[in-house]
Amino acid sequence: MRDFQASPKPLRILAALIVLLTVFIASAQQPGADGVGDRLYPQLGNGGYDVEHYDISLRFTPEENHISARTVIEATATEDLRSFNLDLYGLTVERVNVNGAIASFERDDSEFIITPATSLAAGASFAVAVDYAGVPSPIADPGVSFVKLGWQAWEDAYFGAVSEPSGAMNWFPSNNHPSDKASYTMRITVPDGLTAAANGVLTEVTANQDATRTIIWEMSDPMASYLTIVAVGDFVEFRDDSGPVPIRNYFPAGLDADIVSGFDVTQEIMSWLIDLIGPYPFSEYGVVVLPGFPAALETQTLSAFGAEEPDPIVIVHELVHQWFGNSVSPARWQDIWLNEGFATFFMALYLEEIEDHQGMELLLSVAQADLPPPGDIEVSELFGPSVYFRGALTLNALRARVGDDTFFNILREYYQRHAHSVVTTEDLIAVAEDVSGRDLGEFFDAWLYREEMPDGP
Ligand code: ARG
Ligand code: ZN
């Protein structure tokens, strides 16, 4: 450290000036960054603030697949901000307010740049209200070439949004990155005769004068924007309160009874997973069946499925994500194996323990293909076989290396320590080393980052 007292006077003044200037420059009003620095998605998310809550009021007109909405965002500035960005794709913005005062804004592709009338000081909480409308344009994301993301129509009768990874920005402005989770209120207004299912707990249904209803959903635990769902259609609610967690499923009216009863195993699977991992993270669970939806997706507290008889291991997969992915979420997209490797591992475990199949052997046979390392992927590999299968095999190898008891203690501790938060692969390694008392750096390095697949644990 420099000794100011001992320096000659001019030097001391110079040194003091440098210190002051640095402070001054650091506190000068800056624009917030247009991304959070995600290697795979540099433009997703934004810097300079942290969102606590989204309150989305959305009026939906099915004839045109049109939305008219106001989203209010409560956030805290993490630096002094002259302007900041949200992510929003398409739609027309009508008005932006920051703390009740009109703010100016610009649009540049999916960057939505807002300049409040008064700059925001680091640490200040602020509210942004955005009024907007239009017909959402589904998003083509290089991470999922097989589906369109965000708000869209399925079979002209079901509407809404599923988004992993980038789609949320086509129906509400957000800090569109899992590193900034927040709670949500969704107030969805639909014509009488339709219903709207969304994340969290259904808290209110209000009949309006104009033959519409407003349905309010409250997601009070933190949620990543990619896990939001809205599903609008002629749905019937099926409740199952026979197990440890209230289950409410939304099925299209008249759905084939075999598909409906295919979800009956959910409570059993729920109990099995609670025993293995720890308490279910949220207050309710369920699925919504969307005819024409080509996959299954673990949207928080309400997974989305297509209109097919569900395979129990897919029910397992999406339910596991509620712990691993939804409650414990990736801080960066390159760590997606922490979602998919875990969910796939439990599919194999279910086959092995419950259905008495050779689940892990099945996994290993898929992996004969010599999969590239899942820890260091490009965007096109986000949902590729190495993330799912070499990810799962990494966990199975860890299990063989430390033994069953220690392995499941690691999973439980990892969940408990990071519930409702975000993690990187290093956080998992730290827990595994703490719980096992072993140095596992070399082990994880070989499985996750080195080209050649290890041939044993
Ligand atoms: N997370 C999903 C799964 O576990 C796959 C995600 C693909 N994205 C999507 N929007 N369908 O199966
Ligand atoms: Zn998955």
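Residues numbered from 1 in each chain as written. Chains lettered and ligands numbered in written order. Predicted model: local features only at pLDDT ≥ 70, side-chain atom pairs only at ≥ 80, totals over all residues. Heavy atoms only, no water.

## Details of the pattern of salt bridges
Stage number 1. Within the structure shown, the criterion is met by 17 salt bridges.
Stage number 2. The salt bridge involving Arg59 is made with Asp210; its shortest N-O contact spans 3.1 Å. Here Arg59 is found in strand β2 (residues 49–61), whereas its partner Asp210 is found in the loop between β15 (201–207) and β16 (212–223), with 151 residues between them in sequence.
Stage number 3. In this structure, Arg239 engages Asp241 in a salt bridge whose closest nitrogen and oxygen atoms are separated by 3.7 Å.
Stage number 4. Three or more residues are tied together by salt bridges with common partners; here these are Arg39, Asp376 and Glu378. (Salt bridge = Lys/Arg side-chain N within 4 Å of Asp/Glu carboxyl O. Helix = DSSP H or I, 4+ residues; strand = E, 2+ residues; numbered from the N terminus.)

## Some points on the side chain of Asn199
Stage number 1. Within the element layout of this structure, Asn199 appears in the loop between β14 (195–198) and β15.
Stage number 2. A residue is classified by how much of its surface remains accessible, and Asn199, at 1% relative accessible area, is buried.
Stage number 3. Here the side chain of Asn199 touches Leu227 through a polar contact of 3.0 Å, landing on its backbone oxygen.
Stage number 4. Within the structure, the side chain of Asn199 is placed 2.9 Å from the backbone oxygen of Gln300, a separation counted as a polar contact.
Stage number 5. For Asn199, the residues in contact, after removing those within four places along its chain, are Met186, Trp217, Glu218, Met219, Met223, Leu227, Thr228, Ile229, Thr299, Gln300 and Thr301. (Buried < 20%, exposed > 50% of the residue type's maximum accessible area, 1.4 Å probe, protein only. Polar contact = N/O pair within 3.5 Å; in protein donor to acceptor, adjacent residues only side chain to side chain. Contact = heavy atoms within 4.5 Å.)

## Some words on the layout of surface pockets
Stage number 1. The volume enclosed by the largest pocket comes to roughly 710 Å³.
Stage number 2. Lining the largest pocket are 35 residues, and of these Ala295, Ala296, Val314, His317 and Glu318 lie nearest its centre.
Stage number 3. Mapped by element, the contributors of at least two residues to the lining of the largest pocket are β11 (144–154), α4 (312–323), α5 (337–353), α6 (359–366) and α7 (385–402).
Stage number 4. For the lining of the largest pocket, the class distribution of residues is 23 nonpolar, 5 polar and 7 charged. (1 Å grid on protein atoms, 1.4 Å probe; cavity = no way out; pocket = protein on both sides within 12 Å on 5 of 7 lines; lining within 4 Å. Points joined across faces, edges and corners; volume = space filled by probe spheres on them. Nonpolar A, V, L, I, M, F, W, Y, C, P; charged D, E, K, R; others polar.)

## Considerations on the coordination of the zinc ion (ligand 2)
Under perfect tetrahedral coordination by four donors, a metal shows angles of 109.5 degrees; under perfect octahedral coordination by six donors, it shows angles of 90 or 180 degrees.
Stage number 1. Taken together, the protein donors to the zinc ion (ligand 2) comprise His317 (NE2), His321 (NE2) and Glu340 (OE), at separations of 1.9 to 2.0 Å.
Stage number 2. Note that the zinc ion (ligand 2) binds 4 donor atoms; their angles at the metal cover 98 to 123°, and the shape is tetrahedral.
Stage number 3. Counting the intervening residues between successive donors of the zinc ion (ligand 2) yields the motif H-x3-H-x18-E. Here Glu340 lies in helix α5 and His321 lies in helix α4, a separation of 19 residues in the sequence. Per residue, the accessibility class of His321 equals that of Glu340, and both read buried. (Donors = N, O, S within 2.8 Å, 3.2 Å for Na, K, Ca; no water. Tetrahedral: all angles 85-135°; square planar, octahedral: opposite > 155°, others 65-115°.)

## Observations regarding a negative patch on the surface
Stage number 1. Taken together, the side chains of Asp34, Glu106, Asp108 and Asp109 make up a negatively charged region of the molecular surface.
Stage number 2. Relative to the elements of secondary structure, Glu106 occurs in strand β7 (residues 104–108). (Patch = residues over 30% accessible without salt bridge, like charges linked within 9 Å, V, L, I, M, F, W, Y side chains within 5 Å. Areas by Shrake-Rupley, 256 points an atom, 1.4 Å probe, with all protein chains shown as cover. Lys, Arg positive; Asp, Glu negative; His and termini not counted. Charge placed at Lys NZ, Arg CZ, Asp CG, Glu CD.)

## With respect to the packing of α4 against α5
Stage number 1. Two elements in contact, α4 and α5, have axes separated by 8 Å at closest approach and are oriented at 140°. Comparing the axis directions of α4 and α5 gives the class oblique. Relative to α5, α4 is oriented so that their crossing is right-handed. Facing α4, whose interface residues are Pro312, Ile313, Val316, His317, Val320 and His321, α5 presents Asn339, Glu340, Phe342, Ala343, Thr344, Phe346, Met347, Tyr350 and Leu351.
Stage number 2. Here the contact of α4 with α5 is built from residues that sort into 10 nonpolar, 4 polar and 1 charged. (Axes fitted to C-alpha atoms, helices over the stretch in contact; angles between N-to-C directions. Parallel < 35°, antiparallel > 145°, perpendicular 65-115°, else oblique. Left-handed = near helix turned anticlockwise from the far one by under 90°.)

## Thoughts on the sheet that holds strand β8 (residues 111–115)
Stage number 1. Overall, mixed pairing links the 4 strands, which are arranged β1-β4-β8-β7 in an open sheet. The strands lining the two open edges of the sheet, one partner per strand, are β1 (30–31) and β7.
Stage number 2. Two strands pair when backbone bridges link them, and strand β4 (residues 81–87) and β8 are joined in this way by 4 bridges, in the antiparallel orientation. If you follow Asn85 over to β8, its bridge partner there is Ile113. (Pairing = 2+ DSSP bridges.)

## Overview of the site of ligand 1
Stage number 1. Near ligand 1, the surroundings consist of 13 residues, among which Glu164, Glu298, His317, His321 and Glu340 are the closest.
Stage number 2. Out of a free accessible area of 340 Å², ligand 1 has 93% covered by protein chains.
Stage number 3. Most atoms of ligand 1, that is more than half of them, are within 2 Å of grid points of the largest pocket.
Stage number 4. Taken together, the elements giving at least two residues each to the shell around ligand 1 come down to β11 and α4. (Near = heavy atom within 4 Å. Sits in = over half its atoms within 2 Å of the grid points.)

## Some remarks on the pairing of strand β17 (residues 230–233)
Stage number 1. With burial as the criterion, each face of β17 is covered, one bearing Val230 and Val232 and the other bearing Ala231 and Gly233.
Stage number 2. Relative to β17, β14 is paired through 4 bridges, and the arrangement is antiparallel. Bridge assignment links Thr195 to a residue of β17, and that residue is Gly233.

## Comments concerning the sheet that holds β2
Stage number 1. Spatially, 8 strands are ordered β6-β5-β9-β3-β2-β13-β16-β15 in an open sheet, and the strand pairing comes out mixed. A strand with exactly one partner marks an edge of an open sheet, and here the two such strands are β6 (101–102) and β15.
Stage number 2. Bridge count for strand β13 (residues 182–191) against β16 is 9 bridges, and the pairing is antiparallel. The residue of β16 that forms the bridge with Ile188 is Ile215.

## With respect to the nonpolar core
Stage number 1. Ranked by internal contacts, the top residues of the largest apolar core, which has 144 residues, are Phe84, Trp151, Trp171, Val232 and Phe346.
Stage number 2. With 11 residues, the single largest contributor to this core is α5.
Stage number 3. Contact partners of Val232, with chain neighbours within four places excluded, come to Phe60, Trp151, Ala157, Tyr158, Phe159, Ile188, Val190, Leu194, Thr195 and Ala196. (Core = buried A, V, L, I, M, F, W, Y, C linked by side-chain atoms within 4.5 Å.)

## Overview of unusual backbone geometry
Stage number 1. The omega torsion of the bond from Glu164 to Pro165 falls at 0°, within 30 degrees of zero and hence cis.
Stage number 2. Tracing the chain through its elements places Pro165 in the loop between β12 (158–162) and β13.
Stage number 3. Here the phi dihedral of Leu91 falls at roughly 65°; this positive angle occurs in a residue that is not glycine.
Stage number 4. The buried category is assigned to Leu91, whose relative accessible area is 15%.
Stage number 5. In this structure, Thr301 takes a positive phi of about 65° despite not being glycine.
Stage number 6. By secondary structure assignment, the location of Thr301 is in the loop between β20 (287–289) and β21 (303–305).

Keep in mind these numbers describe shape, not what the thing actually does.
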